[in-house]
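# Remarks on the overall topology
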2 protein chains.
Amino acid sequence: MHVIINGETVLENEARILISDLAIQRGYGVFDFFRTANYQPVFVEDHLDRFYHSAAKMHLDLTVNREQLKEMILRLIEKNNLPDSGIRITLTGGYSTDGYSIAKPNLLITQTPFIFNKDNFNRGIRLVTYPHQRQLPEVKTIDYLQAIYLQPFIKENNADDVLYHNQAEISECPRSNFFIVTENDEIITASQHILKGITRKKILEFSEFNIKESVINLKHLEKVKEAFITSTTKAALPVLKINDRTIGNGKPGAITTEIYNKILAAGKLL
Amino acid sequence: MHVIINGETVLENEARILISDLAIQRGYGVFDFFRTANYQPVFVEDHLDRFYHSAAKMHLDLTVNREQLKEMILRLIEKNNLPDSGIRITLTGGYSTDGYSIAKPNLLITQTPFIFNKDNFNRGIRLVTYPHQRQLPEVKTIDYLQAIYLQPFIKENNADDVLYHNQAEISECPRSNFFIVTENDEIITASQHILKGITRKKILEFSEFNIKESVINLKHLEKVKEAFITSTTKAALPVLKINDRTIGNGKPGAITTEIYNKILAAGKLL
């Protein structure tokens, strides 16, 4: 597999950057991630919008313009000849001379095989709640320190992932947005203090559902009919358990299934 | 200048790691930083205690034992032939196959020239407060995302660094601990939600002062006689202004000066 570093195509196992990079020194960088389906990037304009927004927000000088970046992405897809994949574009803080100041960013584009597994839907996912508010939540930074730190905690609690909350307010999972379906078939996802996912955005555009962005409190979980999480790799995945509480009847709900089928079609996953 | 990567000595401008490292992918890693004075590492046992603690806390498998690590540090000092320096040891999340799971960590040891500048003391430092609580504050991780993001904010506010607080409770600066001197000549530093600095630890051991670890509230700032910050590179630096408030008479205070002289001596900076 090949990757592109600052415009140059190199083999994955030779793809290195200097250790003075601010990502290594200070965890400083942004990224975005999208799928390709049959060699075509999916929702790529949305992901590039967000990537340029993340870079600007974090004061990273992305000198490559959008057309140039798209050209690199297409070049990598052609080079690797991999039809169904995940593509990650990363922009780091660059080679800092003092280990603290932002420098000329390094732009990394990597591609990995990705085949969507439809079996995951019926298995669903179990979440464990944890009090944490991500820093700079609306920017897609490379910071997953808390989430990776919590992996043993997640396993100990017989869960598959963690659901963050700040005081009573639920925000998101580390790599997914969280939705609930209320007793009245209202669909709610957190309105603030989250990273606004592209799959979340696409689902909010489904006009046949009653979806709103609002505040979800921990106590809402006591009465939810369904819950699901969304992301580029998961599409929509039913949440079947949160802590010790079974959600609904412990099987994917009707509304979650409808949303899932619609987002599969929109994301070229059928 | 040379650096050591996983035990191997390489030139600084050839010191690279693969971009699959979890530091680059997910901002995941820990480090520590100490000075050398006349080729001798200063407070090295304290720094190594903390480094091993950080690695264990973050589930990073540091297979190099303490004697081996010290041997590498001394080898690097000899190789670079640099008497007065800063040495940074970094342990990253390693080359992750899935971009999320911790792998075999990469151990990086770097050395940079460092000459302590005594002129900084009289210039002091100006701080601007900002509401933020660092994640996993008691572990020395590589996460400085918020601090680097805030650099333009700091400049706009005519300050030199930021002082974090959570609600009313003051914690620390991104790379320094914070102390106040009250009207009664009591010295207070935050007791919790902070990284416990080695310089802070040494100062707490000065038995001739009345120092306590406690909660410092924003409203305490209205009445402080003196304030100072401490770190390996700063020793103790007077805080002369916080937001629009001048601290004391705007010059280094008597107690700060005493503490400074004592920590200079302890840290072989005289």
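Residues numbered from 1 in each chain as written. Chains lettered and ligands numbered in written order. Predicted model: local features only at pLDDT ≥ 70, side-chain atom pairs only at ≥ 80, totals over all residues. Heavy atoms only, no water.

## A look at the relation of the copies chain B and chain A
Between chain B and chain A, which share one sequence, the superposing operator has a rotation angle of 180° and an axial displacement of 0.0 Å; the RMSD is 0.0 Å. Given the turn and translation reported, the copies of this chain are related as if by a two-fold rotation axis. Looking at the rotation axis and the C-alpha trace of chain B, the residue lying nearest is Gly 27 of chain B, at 2.0 Å. (Least-squares fit on C-alpha atoms with pLDDT ≥ 70 in both.)

## Remarks on the interface of chain B and chain A
Taken together, the contacts link 45 residues of chain B with 45 residues of chain A. At the junction of chain B and chain A, the tally comes to zero salt bridges. Across the chain B-chain A interface, the total number found is 13 residue pairs in polar contact (both at pLDDT 80 or more). Class assignment of the residues belonging to the side of chain B that touches chain A gives a composition of 24 nonpolar, 13 polar and eight charged. (Contact = heavy atoms within 4.5 Å. Salt bridge = Lys/Arg side-chain N within 4 Å of Asp/Glu carboxyl O. Polar contact = N/O pair within 3.5 Å; in protein donor to acceptor, adjacent residues only side chain to side chain. Nonpolar A, V, L, I, M, F, W, Y, C, P; charged D, E, K, R; others polar.)

## Some thoughts on the sheet that holds strand β4 (residues 29-37) of chain A
All names here are of chain A. Across the sheet, six strands lie side by side as β2-β1-β7-β6-β4-β5; this open sheet has antiparallel pairing. Taken across any chain shown, the strands that pair with only one partner, and hence form the sheet edges, are β2 (8-11) and β5 (40-41). Here helix α2 (residues 44-57) sits on the sheet in contact with β4, β5, β6 (85-92) and β7 (107-113), set at roughly 175° to β4. Contacts between helix α3 (residues 66-80) and the sheet are confined to β1 (2-5), β2, β4, β5, β6 and β7, with β7 contributing the most and set at about 35° to the helix. (Pairing = 2+ DSSP bridges. Helix = DSSP H or I, 4+ residues; strand = E, 2+ residues; numbered from the N terminus. Axes fitted to C-alpha atoms, helices over the stretch in contact; angles between N-to-C directions.)

## Topic: the packing of helix α2 (residues 44-57) of chain B against helix α3 (residues 66-80) of chain B
Helix-helix packing is described using two parameters, namely the angle between the two axes and the distance between the axes. Residue and element names in this part refer to chain B. Contact pair α2 / α3: the axes reach a minimum separation of 12 Å and the direction vectors enclose 125°. Judged by the angle between their axes, α2 and α3 are oblique. The chirality of how α2 crosses α3 is right-handed. Side by side, α2 and α3 meet where Glu 45, Leu 48, Asp 49, Phe 51 and Tyr 52 of the first sit next to Arg 66, Leu 69, Lys 70 and Ile 73 of the second. When the residues that make up the contact of α2 with α3 are grouped by side-chain class, the tally is five nonpolar, no polar and four charged. (Parallel < 35°, antiparallel > 145°, perpendicular 65-115°, else oblique. Left-handed = near helix turned anticlockwise from the far one by under 90°.)

## Considerations on the packing of aromatic side chains
Two aromatic rings are characterised by how far apart their centres lie and by the angle between their planes. Following the criterion strictly, the structure yields 16 aromatic pairs over all chains and no others. For the ring pair Phe 116 of chain B and Tyr 260 of chain B, a centre distance of 6.4 Å and an interplane angle of 35° mean the geometry is tilted. With Phe 116 of chain B in the loop between β7 (107-113) and α4 (119-123) and Tyr 260 of chain B in helix α8 (residues 254-266), the pair connects residues that are 144 residues apart, well separated along the chain. Exposure remark for Tyr 260 of chain B: the relative accessible area of 6% places this residue in the buried category. In this structure, Lys 262 of chain A packs its charged tip against the face of Phe 206 of chain A, placed 4.9 Å from the ring centre. (Phe/Tyr/Trp six-rings, centres within 6.5 Å; stacked < 30°, edge-to-face > 60°. Buried < 20%, exposed > 50% of the residue type's maximum accessible area, 1.4 Å probe, protein only. Lys NZ or Arg CZ within 6 Å of the ring centre and 35° of its normal.)

Keep in mind that these numbers describe shape and distance, not what the molecule does.
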